[in-house]
Amino acid sequence: MVALAYTVAFEGIEARLVEVQCAVTPGIPAFSIVGLPDKAVSEARERVRAALTAMAIALPSKRITVNLSPADLPKEGSHFDLPIALALLAALEIIPSDVAAQTVALGELSLDGTLVPVVGALPAAMAAAQEDRTLLCPHACGAEAAWVGTVNVIAPRNLAEMVRHFSGQSVLEPSKPGEVQNQIGVRDLSEVKGQERAKRALEIAAAGRHHLLLVGSPGSGKSMLAARIPGILPPLTPTEALETSMIHSLSGLLDEGGINRERPFREPHHTASMAAIVGGGRNAKPGEISLAHNGVLFMDEFPEFPRTVLETLRQPIETGEVVVARANAHVRYPCRFMLVAAANPCKCGYLADPARACARVPICGEDYLGRISGPLMDRFDLRVEVPPVAFTDLDLPETGESSASVAERVHAARDVQTKRFDGHPTARVNADMEGHLLDEIATPDTEGRSLLVKVAERFGLSARGYHRVLRVARTIADLEGAADVRKPHVAEAVSYRLAMAKEV
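Residues numbered from 1 in each chain as written. Predicted model: local features only at pLDDT ≥ 70, side-chain atom pairs only at ≥ 80, totals over all residues. Heavy atoms only, no water.

1. What about helix 17 (residues 403–420)?
With 18 residues, helix 17 extends 25 Å from end C-alpha to end C-alpha; this agrees with the ideal 26 Å at 1.5 Å per step. Residues Ser403, Val406, Ala407, Val410, Ala413, Arg414 and Gln417 constitute the buried set of helix 17. All buried residues of helix 17 project into a common sector of 130 degrees when viewed along the axis, lining one side. Turned more than 90 degrees away from the buried face of helix 17 sit Glu408 and Lys419, all of them exposed. Considering only its buried residues, helix 17 is in contact with helix 8 (196–208) and helix 20 (463–480). (Helix = DSSP H or I, 4+ residues; strand = E, 2+ residues; numbered from the N terminus. Expected span 1.5 Å × (residues − 1). Buried < 20%, exposed > 50% of the residue type's maximum accessible area, 1.4 Å probe, protein only. Arc of directions from axis to C-beta. Contact = heavy atoms within 4.5 Å.)

Here you go:
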């Protein structure tokens, strides 16, 4: 008899359906798993055998063959334990074969039959919903998978509970979605003394998802400003929350099945490798740029990152996705993020301080910031110099706006963009505009266009730089509530573009 069950194999955030075929036939007793399994999948037979023995189920003295179809698709991970056990139990007629054939399962088995949580429950639930099948997963993964809503999620704690459920002895209730995780301890923008221009740049960047570069001497507040970005960003939309959570699910970052509606804020150390930033390594896992999808990637000490790592950011910034190509894997991850970079003006950090500047000025600064290539610098929409704050000003009372008031304007501007790009296949915010969208939405008035043309000719703006100025100007107009882009909007956008200009 051949029994069927289903599971998934992950290719990026896509979960491909895998048919688990189990045949129990006469012959020399053996337990074989075929279909291009990796070491973890091959070892599943020992975990399944031990788990069944713990339930007092003895395997027959026959040949047991498990085939994972399609056979040419690599199978990786311990989540194949549960579907193999499910198909085997159906082949032994312990549970109904028709029920097993309508189930997508994933989960790891311990030797006593307990189901161990695995990564990827959310993408697996999406695949099960598309096939109109029930999802079977460990109890710890049930709340996460139930967020899909259109799939019936059964989450037993052990193999015995699964058998009793499918045999009708003790039916389990379908899992319910976990609690929405709320961000705790968000830092407030009002705590930052001075730096009004930098605060304004943060607001514009957050409103249109524009890339931002902060340059200033040590202790001027660059990292402090960046740490307050989460407090002014709008919450994730349901679609964005699902996209982001699918990536985090594959990385095992979802706690107790809770979907996070706050935008991710990732801040890798400057010693991070290329695989850690872009993605790759074993099984081609998502990197920091994908974990920051729909959120913020903050890279402090930007020039200290390896040059090869920085250059790999250029294509993902433009396309919003990254293709991790390896000899045994070729996967695609989304990565629409807001890049916020912070840097010192030179190696010693005091280029503009006449009392501390080294003898190598200005070569020191040119060499240090020269680690950021022209094409990469060209992709920063906003470039802001962050001057040091006098220690005498630190005792002054808070005078700046709170994060809540800034967030209201940012949220209102994002609402305008949501309505503007409703139904568009790729654009969601102003930073995504290109082609005819720029002509229709971001074309300035006559005075604004005249100013931009003069600036482009005088400072040699690249075509990319020209278009990015228009995008930022459109965002400034949205924050103001203006229907049209006018000269003041263009002038402010240009002022951020020309700071530390390095056009190519």
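Once the structure has been displayed, the description carries forward.
2. Digging into the sheet that holds strand 10 (residues 212–216)
The strands that make up a sheet pair up through hydrogen bonds in the backbone, lying either parallel or antiparallel. Strand order in the open sheet formed by five strands is 11-14-17-10-18, and the pairing between neighbours is parallel. Because the sheet does not close on itself, it has two edges, and the strands there are strand 11 (265–266) and strand 18 (382–386). In this sheet, strand 18 lies alongside strand 10 in parallel orientation, the contact comprising five bridges. Note on strand 18: the bridge partner recorded for valine 215 is glutamate 385. (Pairing = 2+ DSSP bridges.)

3. Let's talk about the environment of serine 495
The residue serine 495 is located in helix 21 (residues 487–498) in this model. Spatially, the C-alpha atom of serine 495 lies 9.5 Å from that of valine 469, the residues being 26 residues apart in sequence. A distance of 2.5 Å separates a polar side-chain atom of serine 495 from the backbone oxygen of glutamate 492. (Polar contact = N/O pair within 3.5 Å; in protein donor to acceptor, adjacent residues only side chain to side chain.)

4. Focus on the packing of aromatic side chains
Following the criterion strictly, the structure yields two aromatic pairs and no others. Between phenylalanine 265 and phenylalanine 298, the aromatic rings sit 6.1 Å apart at their centres with planes inclined by 25 degrees, giving stacked as the arrangement. Residue phenylalanine 265 is found in strand 11, and its partner phenylalanine 298 is found in strand 14 (residues 296–299); the two are separated by 33 residues along the sequence. The exposure class of phenylalanine 298 is buried, given its relative accessible area of 3%. Aromatic pair phenylalanine 302 and phenylalanine 380: ring centres 5.7 Å apart, planes at 85 degrees, arrangement edge-to-face. With phenylalanine 302 in the loop between strand 14 and helix 13 (307–311) and phenylalanine 380 in the loop between helix 16 (374–377) and strand 18, this pair connects stretches of sequence that are 78 residues apart. Judged by its relative accessible area of 0%, phenylalanine 302 is buried. Cation over ring: arginine 133 sits above tyrosine 6, and NZ or CZ is 4.1 Å from the ring centre. (Phe/Tyr/Trp six-rings, centres within 6.5 Å; stacked < 30°, edge-to-face > 60°. Lys NZ or Arg CZ within 6 Å of the ring centre and 35° of its normal.)

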